[in-house]
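Okay, here's what each chain looks like letter by letter:
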Amino acid sequence: MSACLVAALGAGAGIWAVVDQPERSSASTTHDQAYTGPTATVDKGDLTDSKVFAGTLGYGAPTGLTGAAQGTLTWLPTPGDVIGRDAPLYAVDERPVRSMHGTIPLWRSLERGLKGGDVRQLNENLAALGYDVGLDETFGPRTQRAVKRWQKARGQETTGVLTANDIAFVAGDVRVASVGLALGQPASGEVLQLTSTKRIVVATVSQREAERLAVGTSVSVRINGAGEPMPGQVTDVTPNTSDDGGAKVDVSVSFDAGDRQLPAAASAQIDAQGTTEQGVLSVPVAALAAGPGGKYSVDVVGKDGTRKRVAVVPGFTADGRVAVTGELSAGDRVVVPS
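The structure displayed is predicted, hence computed values, not measured ones.

What follows concerns the packing of aromatic side chains. Taken as a whole and judged by the stated rule, the model has 0 aromatic pairs. Above the face of the Phe53 ring, Lys51 is positioned so that its terminal group lies 5.6 Å from the ring centre. One residue, Arg199, lies across the ring of Tyr59, its end atom 4.6 Å from the ring centre.

Have a look at this one:
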């Protein structure tokens, strides 16, 4: 009759694997016959519960840029183009609509006398471009002068007023994922689909799995399962729109690739660590055998090959190893079934 260890521990405590071995007494006994089979070392150190999630390398979910300019589209970027501050996003009636950084969409014409968060965004952009403005929410004389200089430098009429035919606010430097309209169409509706310029890894996981992947969690990332792991951090967790049951979420991870050259698209792995038990003795789960009365033991192999059965109490389990307490020492060899 075989006995199985099948125990689910509480949150953060790991999962005990299944051990299917002949029942044996957990009493301390010695086998005189020399053992020559496979063994493993009793280790002492930190034991960390970790899990690897499969993901894909990309630029994250695109967001749409709705055109608000009046006129006909006469120029559009190409998918894959990166557009920085003050660079054209698209052109209407041969007049570029330029990119400015900000989270508040351009919802009105910006002119002298106005106040608000959109004005602050404009002032921050003008300052970043080298113009003399105050970093506040007021469109005063300094902002007006800066706008006129900006317009003159770009060959536009120097009105001192900015409209949707001049600029659009986007979330930093952006990458064109796709183009939604064609040349010759009115510049209304979703003109472009944009993403961040930063490479990220996205993994679709269950709600339960996402518990260890909260925003801000430190993880490590591998691309195509190769190379050294790169440090990363969970930046976003959103419902998976393709999952009708709502049981899955998309987890976005940013990472530091350093000077590595990354492929355009690739598979990726996210390694998320969970609970850590420090300074414990551990053995492979397969070395653990169940005995009568819910007790457990391991067979310790001496230098002369003799085996001694030692009673142990199993604890935290992670990465195929289980923490044990008993008459063991680091460096001991224990029997592992082949």
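A probe matching the size of a water molecule, rolled over the atoms, marks out where space remains unfilled. Of the volumes computed, that of the largest pocket is approximately 860 Å³. Around the largest pocket, the lining is made up of 36 residues, and of these Ala61, Thr63, Gly64, Leu194 and Thr195 lie nearest the centre. Of all the elements, strand β6 (residues 63–67) adds the most residues to the lining of the largest pocket, at 5 residues.

If you walk across this open sheet you meet the 4 strands as β6-β13-β12-β8, and the pairing is antiparallel. Where the open sheet ends on each side, the last strands, each with one partner, are β6 and β8 (82–83). Here strand β12 (residues 174–179) pairs with strand β13 (residues 189–196) via 5 bridges, running antiparallel. The residue bridging Val179 from the neighbouring strand is Leu192, located in β13.

Scoring rules and cut-offs
Residues numbered from 1 in each chain as written. Predicted model: local features only at pLDDT ≥ 70, side-chain atom pairs only at ≥ 80, totals over all residues. Heavy atoms only, no water. Phe/Tyr/Trp six-rings, centres within 6.5 Å; stacked < 30°, edge-to-face > 60°. Lys NZ or Arg CZ within 6 Å of the ring centre and 35° of its normal. 1 Å grid on protein atoms, 1.4 Å probe; cavity = no way out; pocket = protein on both sides within 12 Å on 5 of 7 lines; lining within 4 Å. Points joined across faces, edges and corners; volume = space filled by probe spheres on them. Helix = DSSP H or I, 4+ residues; strand = E, 2+ residues; numbered from the N terminus. Pairing = 2+ DSSP bridges.

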